[in-house]
Amino acid sequence: MFFGKSGQYQYYACSDRARAGLSVCKGRRIGRSKLDNIVLDALEPKLLTPERLRDLLSGWLDHASDVIDARRQIQSVRPVVLTQARRTCGADRPGENGCGAA
């Protein structure tokens, strides 16, 4: 990518032409936004089809659902774990049974 007018204009051009001149490459430069739009217009119908988006989103939604289920399981056993920890450690026995200092 090359810049003109102190970065005001951006364009793509052959790097060989930029280094060695017109005799090396007859390619023309093209404005960045123009080429970017050409490429995006060509890719969009292929990448953003309803089927492809459904497949991408369903994979993400499956993963999100698994995370939600795991969090629910953790929340459901948390009271049991805390109760057992209180019984094992007890407030009057800090540092015993691997409980650490209170």
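Going along each chain's sequence as written, the residues are numbered from 1 onward. The predicted origin of the model limits local features to residues at a pLDDT of at least 70 and limits the giving and counting of side-chain atom pairs to 80 or more, whereas totals for whole chains, interfaces and linings rest on all residues. Based on all heavy atoms of the structure, the side-chain values leave hydrogens and waters out of the count.

Colleague: Just to check I follow, could you spell out the confidence of the model for the chain for this structure?
Modeller: Detailed reading of the predicted model is not advised wherever pLDDT is low. Per-residue confidence from the predictor is reported as pLDDT, a score between 0 and 100. When pLDDT is averaged along the chain, the result is 81; 80% of the residues meet or exceed 70. Comment: elements are numbered from the N terminus, with helices defined as DSSP H or I runs of at least four residues and strands as E runs of at least two. When the elements of the chain are averaged for pLDDT, strand 1 (residues 2-4) gives the smallest value, 62, and helix 2 (residues 32-47) the largest, 92.

Colleague: I keep staring at helix 3 (residues 50-89) and nothing clicks. Help me out?
Modeller: Owing to its 3.6 residues per turn, the α-helix aligns residues three or four sequence positions apart on the same side. To estimate how far a helix should extend, the number of its residues minus one is multiplied by 1.5 Å. The end-to-end C-alpha separation of helix 3 is 56 Å, in line with the 58 Å expected for 40 residues at 1.5 Å each. Two axes enter the bend calculation: one fitted to the seven residues ending at the residue in question, the other to the seven starting there, and the bend is the angle between them. Bending of helix 3 peaks at approximately 35° at the position of Val-77, with proline Pro-79 no more than four residues after it.

Colleague: Where do I start with a nonpolar patch on the surface in this structure?
Modeller: Where nonpolar side chains cluster on the molecular surface, the patch consists of Val-39, Leu-43, Leu-47, Leu-48, Leu-53, Leu-56, Leu-57, Trp-60 and Leu-61 and spans about 840 Å² of accessible area. The set of elements that each furnish at least two residues to the nonpolar patch consists of helix 2 and helix 3. With five residues, helix 3 is the largest single contributor of residues to the nonpolar patch. Its location among the elements puts Leu-43 in helix 2. Any residue with relative accessible area above 30% and no salt bridge may belong to a patch, with like charges joined within 9 Å and the nonpolar Val, Leu, Ile, Met, Phe, Trp and Tyr side chains within 5 Å. Note on areas: Shrake-Rupley with a 1.4 Å probe; residue coverage comes only from the protein chains shown. Salt-bridge detection follows one rule: a side-chain nitrogen of Lys or Arg within 4 Å of a carboxyl oxygen of Asp or Glu.

Colleague: Explanation requested: the pattern of salt bridges in the structure shown.
Modeller: Side chains that differ in charge, positive against negative, can pair when their charged atoms come close. Counted under the stated rule, the structure contains three salt bridges. For Arg-54, the salt bridge goes to Asp-55, with nearest N and O atoms at 3.9 Å.

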